[in-house]
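# An overview of the molecular structure
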Amino acid sequence: MSFSKTKIFNIALHNLGISSVLQNTDQSDIKAIILNNYYEAARDTVLEAHEWSFATTEKELSVSTSESPNPNFKFAFTYPNDCIASRAIISPFDRKEKKFELMTDSNGQKLILTNHNPCQLRYTRRVENETLFTANFVTCLGFYLAYLAAQSITGSGNKKNTNLQDYSLHIRQAIVLDARKEASHDQDDLDYTDVRY
């Protein structure tokens, strides 16, 4: 199923108990304006909350012009512009995850500190193309967007709290579902206990 920003806005409105639908996200309807105001923050918050498969990427980091401000780490790398959440530093030599730390230099630039060079960062990237979103992500985003916009659209603190509770439940379910998908079973690694007659 392919998703759109309009569909996500309408899901959020339905979560708030509003049955009327928006035809597009650019209309002058006050509900569309409010949802547009919250959308990017909601999307990026839900992306950050979990290592979504559709938003996970890996890239080799570039050494920063700044020195490492922490003497426990030799190298400082520039933080990727599209990075929502850094998940792991990986050595290209043994493909193992390594210790790292996030800091900000004196110019306000975010740095990734580690003792490995070269290295790769596995991270959750900012995804702006809604057609890439999964159903689980859209469900979570619909609840979180409704939570942020509830007070402005409905004036109801109850609807705000209900949507936050629903978001919390669905994000936990999404994490469990993704964990099950990632579990792999090596069918070639059988022993005698696996044999059935």
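One structure accompanies this document, and this report is about it. (Residues numbered from 1 in each chain as written. Predicted model: local features only at pLDDT ≥ 70, side-chain atom pairs only at ≥ 80, totals over all residues. Heavy atoms only, no water.)

### Comments concerning the overall build of the protein chain
What counts is decided by this rule: Strands here are runs of E lasting at least two residues and helices are runs of H or I lasting at least four, both read from the DSSP assignment and numbered beginning at the N terminus. In this description the radius of gyration comes from C-alpha coordinates, and the expected globular size is given by 2.2 Å times residues to the power 0.38. Accessible area is worked out with a 1.4 Å probe on protein chains only. A residue is then buried under 20% of its type maximum, exposed over 50%, and partly exposed in between. For this analysis, residues touch if any pair of their heavy atoms sits within 4.5 Å. To be clear on the numbers: accessible area is Shrake-Rupley with a 1.4 Å probe, and residue cover counts the displayed protein chains and nothing else. Positive charges are assigned to Lys and Arg, negative charges to Asp and Glu, while His and the chain termini are left out of the count. Lysine's charge is taken at NZ, arginine's at CZ, aspartate's at CG and glutamate's at CD.
Tallying secondary structure elements over the protein chain gives four helices and seven strands in all. Ordered by position from N to C terminus, the α and β elements of the protein chain give α-α-β-β-β-β-β-β-β-α-α. Computed over C-alpha atoms, the radius of gyration of the protein chain comes to 21 Å, more than 25% over the 16 Å expected from 2.2 N^0.38 for 197 residues, which places it beyond the range of a compact globule. In the protein chain, which comprises 197 residues, the share counted as buried stands at 39%. Within the protein chain, counting contacts between residues at least 6 apart in sequence, those at least 24 apart form 71% of the total. Approximately 11700 Å² of the protein chain is accessible, and the part contributed by carbon and sulfur atoms is 46%. Of the side chains in the protein chain, 21 bear a positive and 24 a negative charge, and the two mean positions are spaced by 5 Å.

### With respect to the sheet that holds strand 7 (residues 120–125)
Definition in use: Two strands are said to pair when DSSP picks up at least two bridges between them. To define axes, lines are fitted to C-alpha atoms, for helices over the stretch in contact only, and angles between the resulting N-to-C directions are given on a 0 to 180 degree scale.
Across the sheet, four strands lie side by side as 1-7-3-4; this open sheet has antiparallel pairing. Each edge of the sheet is formed by a strand with only one pairing partner; in this case those strands are strand 1 (56–60) and strand 4 (97–98). Of the pairings in the sheet, the one linking strand 3 (residues 83–90) to strand 4 comprises two bridges and is antiparallel in character. Following the sheet pairing, I90 is matched in strand 4 by E97. Where helix 2 (residues 30–48) meets the sheet, its contacts fall on strand 3 and strand 7, and the angle it forms with strand 3 comes to roughly 20 degrees.

### Digging into the packing of aromatic side chains
What counts here: Two rings belonging to Phe, Tyr or Trp (six-membered ring only in the last case) form a pair when the distance between their centres is within 6.5 Å. Interplanar angles under 30 degrees mark stacking, angles over 60 mark edge-to-face geometry, and anything in between is tilted. Lysine and arginine charges are scored as sitting over a ring when NZ or CZ, respectively, is within 6 Å of the ring centre and within 35 degrees of the ring normal.
One pass over the full model with this rule turns up nine aromatic pairs. Summarising the aromatic geometry, the rings of W52 and F54 are spaced 6.3 Å apart at their centres and angled 40 degrees between planes, so their arrangement reads as tilted. No difference in accessibility class separates W52 from F54, as the two residues are buried. Given a relative accessible area of 14%, F54 falls into the buried group. Aromatic ring contacts, followed pair by pair, group W52, F54, F133 and F137 into a single cluster. K110 extends its terminal NZ or CZ atom over the ring of Y79, reaching a point 4.1 Å from the ring centre. One cation-aromatic arrangement involves K160 over Y147; the distance from NZ or CZ to the ring centre is 5.1 Å.

### Structural notes on the pattern of salt bridges
The cut-off we apply is this: Within this document, salt bridges are pairs made up of a side-chain nitrogen of Lys or Arg and a carboxyl oxygen of Asp or Glu, the two lying within 4 Å of each other.
If you walk through the whole model with that rule in mind, you get seven salt bridges. With a closest N to O distance of 3.3 Å, D29 and K31 form a salt bridge. As a salt-bridge pair, R126 and D44 come within 3.2 Å of each other at their nearest N and O atoms. Here R126 is found in the loop between strand 7 and helix 3 (135–154), whereas its partner D44 is found in helix 2, with 82 residues between them in sequence.

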